[in-house]
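Coordinates in review
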Amino acid sequence: MQIESRLLVEIRDRLARLDANSGNGWANGREEAAGAFESLGLPSTRSEAYKYTQMTKRVKDVLSLDNAGTLIDTTSAFTDVPGIHFSTVNGLLTESVAAGSLPKGLTVSSLSEAYAENRIALDDHLARAFDPDRDAFSSLAAASAEDGILIHVAAGVSIAQPVILHHDRVANSGLVQPRLLVVAEGDSSIKVIEHFGDSGSGSAFENRIVEMISATGASVDHLVVYERGREATFVNGLHVYQEERSHFATNTITLGGGMVRNNLHFLPDGEECETHLNGLYIAKGSMHVDNHTFVDHAKPNCESNELFKGIVTDKAVGVFNGKILVRQDAQKINAYQSSKSILLDRAASIYAKPELEIYADDVKCSHGATTGELDDDALFYLRARGIRPEAAKLMLLEAFARDVVDLVDVDAVKDYLYSRLHSILTETAS
Amino acid sequence: MLTINNLHVSIEEEQKEILKGLNLEVKPGEVHAIMGPNGSGKSTLASVLAGRDGYEVTEGSVTFDGEDLLELEADERAREGLFLAFQYPVELPGVSMANFLKQAVNSVREHRGQDVLSAGDFLKLMKEKAAIVSLDPSLKARAVNEGFSGGEKKRSEIFQLALLDPKLAILDETDSGLDIDALRIVADGVNGLRNENRSFVLITHYQRLLDYIVPDFVHVLVDGRIVLSGGKELALQLEEKGYDWIKDEQTQTA
Ligand SMILES: Nc1ncnc2c1ncn2[C@@H]1O[C@H](COP(=O)(O)OP(=O)(O)OP(=O)(O)O)[C@@H](O)[C@H]1O
Ligand SMILES: [Mg+2]
């Protein structure tokens, strides 16, 4: 039997059980996503979007939604950073959040609880940022997710401290497919930080769907730090929807994992939106890290800024594909994209491709993709001052990578990342 | 201090010979000026001495303080006390001056068996040496050479020279790009660093620098060879007559 059919049997089986007692809209959304997954199928080796990233092969090794087995305890980080902390198991909250324990206007709860409570109109938000026909992995996750997390800020409320999700425990077998929904209502603001700790030799396979909505005049600031071990697989489907005058920033920092695919999708669907998408990855050993980004400029007078950097060494593979679409009516768009990678080893490889599709005439778009080795002139300059080659290399690599970390605005998290970069790159440079 | 004997150097990739049998002897405390037309090989000489990759020494030898210089890596040469002030200092975005200088100073000190400087002592040293070339203190808070003006880059090179306290300093056109006041300041800085143990090789196009930093010898480098050497008067002669008369003489004697 094909993998898709096997997974669909499992999904539909679960949905049938669910429907019997709830029949809610969320289940309908899951049906729809299952249908989309059925027609999309997992990407084949001929798929353009997954040409360099044979993710389907990894699914074959797992091939079950059943993740009830052993949990891996991963290494947490920045637990002492001032913020509103939550720990997750398989991407779900470990316990329900006591009423009154959060700042006014902030809701953090499981999706199922929020759905049952019906205080926040989830049907209006779910699947608004996400088009089930977009990507087979996201539709698989949307169809499979039994539950998820909701982070919601009420209109006009600013939450000063970041909400920090520590994805601490994860199943060692089966597909882990949670859903995360972040909604910032009109003129509100929130920061969300997610950390995926080191899973050592555990073989976690996470395929998640994240939807984020920044409503009119709202601001969402998002950071993902992924540090799972070399046996881990991650498909990170981020789907962002923005209303007019909203601000959205995300920074995706991949320092671990065996195979990682970030699918980052942005739809600024109102005028005067600002979108920042940044990322950094360091791929060593036999790691494979793929960042696919898509900014869909549908409305005029918006700005997007994209900076992705990668350091690839040993036999690792780095992939970057950055698509910017400016639709016909989207005049006066400023869209900037820059991807820079450093290749440190002949056996390592990088495939970087910007894709600009512009149908409006009054736009400013620029993109630049560079892939190269460390600059010889720069290395020589440092060595001519007595600095040893390893130290010189480290200085240049850190400088290269730090720019992206500089964009993180929580100091304690920034410091954590600087020190992680330092130790990872010290190993790389020597 | 430095003995260059019949040095032949080619560009590795192009098999093109740039230095074609160059001889030079620099004794401790001496200041040598090297002048010569564009493209004659002055920067190539500086690069080969400092240990930049991409050059092939096909013949000849270079001894530095009794050691075979060509056997050493670039960073070893610097730690041994050879300093190159670059004609075009490289911008290093993201590398802070403070970190760069600390690492440079400490690698050199460590090699000399000196203690690693404490943060306080390091700051004091920076302050003292920056004053030598009146370097704007705010530059130390920036990334290495990034956005420095032409003159600031050159001053920063001499500032680094002062910090690293080398035995031999090669200054590749440190005077170009400096305004008249800055030239004076930099020259005074260099003069202050002259002593009986430290030698200088000044590569320059302009006699004016040599009014301020008076050399013991002036050499003319044409087409990969030193074709004429003399005292400081030679620079004046070159200023007046250009290089053609030397080239003409060369072809006549050849
Ligand atoms: N990496 C290289 N590849 C090819 N040619 C080179 C390279 N480096 C130097 N050359 C050539 O060698 C010759 C000498 O160059 P060099 O920079 O040493 O001259 P210079 O005397 O310093 O000139 P200037 O006064 O203009 O600074 C020039 O013809 C130059 O083009
Ligand atoms: Mg030159």
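Higher on the page you've got the structure.
Given the structure is predicted, the values throughout are model-derived calculations rather than measurements.

It is worth spelling out the overall build of chain B at this point. The number of helices and strands found in chain B is nine helices and 12 strands. For 254 residues, the compact-globule estimate of 2.2 N^0.38 gives 18 Å, and the C-alpha radius of gyration of chain B, at 18 Å, lies within 12% of that figure. Residues counted as buried form 52% of the 254 residues belonging to chain B. When contacts within chain B are restricted to residue pairs at least 6 apart in sequence, those whose partners lie at least 24 apart make up 69%. Carbon together with sulfur atoms contributes 45% to the accessible area of chain B, which is approximately 11400 Å² in total. Here chain B carries 27 positive and 43 negative side-chain charges, and the mean point of each set is 5 Å from the other.

For the rest of this paragraph, the subject is the layout of surface pockets. Approximately 640 Å³ is the volume found for the largest pocket. A49, R261, N263, H292 and N321 of chain A are the residues nearest the centre of the largest pocket, which is lined by 30 residues in total. Taken together, the elements giving at least two residues each to the lining of the largest pocket come down to β14 (259–268), β16 (288–297), β18 (317–326) and β20 (349–358) of chain A. In the lining of the largest pocket, the residues fall into 13 nonpolar, eight polar and nine charged. Around the second largest pocket, the lining is made up of 20 residues, and of these I342, D375, L396 and F400 of chain A together with P93 of chain B lie nearest the centre. For the lining of the second largest pocket, the secondary-structure elements that each account for two or more residues are β19 (333–343), β21 (363–372) and α8 (389–406) of chain A together with β7 (92–96) of chain B. Here the lining of the second largest pocket is built from residues that sort into nine nonpolar, five polar and six charged.

This part covers the pairing of strand β5 (residues 148–153) of chain A. All names here are of chain A. In terms of burial, β5 is a largely internal element, six of the six residues being buried. Two elements, strand β4 (residues 106–110) and β5, share five bridges in a ladder whose sense is antiparallel. When the sheet's bridge partners are listed, S110 is paired in β5 with I149.

Right, let's get into the coordination of the magnesium ion (ligand 2). Within the protein, the magnesium ion (ligand 2) binds to S43 of chain B (OG) and Q87 of chain B (OE1); these donor distances fall in the range 2.0 to 2.3 Å. Remark: Q87 of chain B occurs in the loop between β6 (82–85) and β7 and S43 of chain B occurs in helix α1 (residues 42–50); sequence separation between them is 44 residues.

The next thing to look at is the interface of chain A and chain B. Tallying the contact residues gives 17 residues for chain A and 30 residues for chain B. Buried surface at the junction of chain A and chain B, summed over both partners, amounts to about 1900 Å²; 63% is from carbon and sulfur atoms. If you sort the residues of chain A by the area they bury against chain B, F380, Y381 and R385 of chain A come out on top, with a joint share of 41%. Inspection of the region where chain A meets chain B yields four salt bridges. For R385 of chain A, the salt bridge is made with E157 of chain B, and the minimal N-O distance between the two is 2.7 Å. Inspection of the chain A/chain B interface yields 11 residue pairs in polar contact (both at pLDDT 80 or more). Where the side of chain A that touches chain B is concerned, the elements lending two or more residues are α7 (376–383) and α8 of chain A. When residues of the side of chain A that touches chain B are assigned to their parent elements, the largest contribution, six residues, is made by α7 of chain A.

Residue and element names in this part refer to chain A. The final tally for this structure, using the stated rule, is zero disulfides over all chains. Considering cysteine sulfurs only, C302 is the nearest to C273, which forms no disulfide, with 4.4 Å between them. Owing to a relative accessible area of 2%, C273 belongs among the buried residues under this scheme. With no disulfide of its own, C365 has C302 as its nearest cysteine by sulfur position, at a separation of 12 Å. Its relative accessible area of 24% is what places C365 among the partly exposed residues.

Moving on: the pairing of strand β15 (residues 274–283) of chain A. Strand residues, when the strand is regular, have side chains that alternate between the two faces of the sheet. Residues and elements named next belong to chain A. Extensive coverage of β15 is indicated by the burial of nine of its 10 residues. Bridging between strand β13 (residues 247–254) and β15 involves eight bridges; their strand directions are parallel. Bridge pairing links A249 to H276 in β15. Inspection of the sheet shows β15 paired to strand β17 (residues 303–312) by 10 bridges, in the parallel sense. Across the sheet, residue N278 finds its bridge partner in β17, namely L307.

The rules behind the values
- Residues numbered from 1 in each chain as written.
- Chains lettered and ligands numbered in written order.
- Predicted model: local features only at pLDDT ≥ 70, side-chain atom pairs only at ≥ 80, totals over all residues.
- Heavy atoms only, no water.
- Helix = DSSP H or I, 4+ residues; strand = E, 2+ residues; numbered from the N terminus.
- Rg over C-alpha atoms; globule rule 2.2 N^0.38 Å.
- Buried < 20%, exposed > 50% of the residue type's maximum accessible area, 1.4 Å probe, protein only.
- Contact = heavy atoms within 4.5 Å.
- Areas by Shrake-Rupley, 256 points an atom, 1.4 Å probe, with all protein chains shown as cover.
- Lys, Arg positive; Asp, Glu negative; His and termini not counted.
- Charge placed at Lys NZ, Arg CZ, Asp CG, Glu CD.
- 1 Å grid on protein atoms, 1.4 Å probe; cavity = no way out; pocket = protein on both sides within 12 Å on 5 of 7 lines; lining within 4 Å.
- Points joined across faces, edges and corners; volume = space filled by probe spheres on them.
- Nonpolar A, V, L, I, M, F, W, Y, C, P; charged D, E, K, R; others polar.
- Pairing = 2+ DSSP bridges.
- Donors = N, O, S within 2.8 Å, 3.2 Å for Na, K, Ca; no water.
- Buried area = accessible area lost by both parts, 1.4 Å probe.
- Salt bridge = Lys/Arg side-chain N within 4 Å of Asp/Glu carboxyl O.
- Polar contact = N/O pair within 3.5 Å; in protein donor to acceptor, adjacent residues only side chain to side chain.
- Disulfide = S-S within 2.5 Å.

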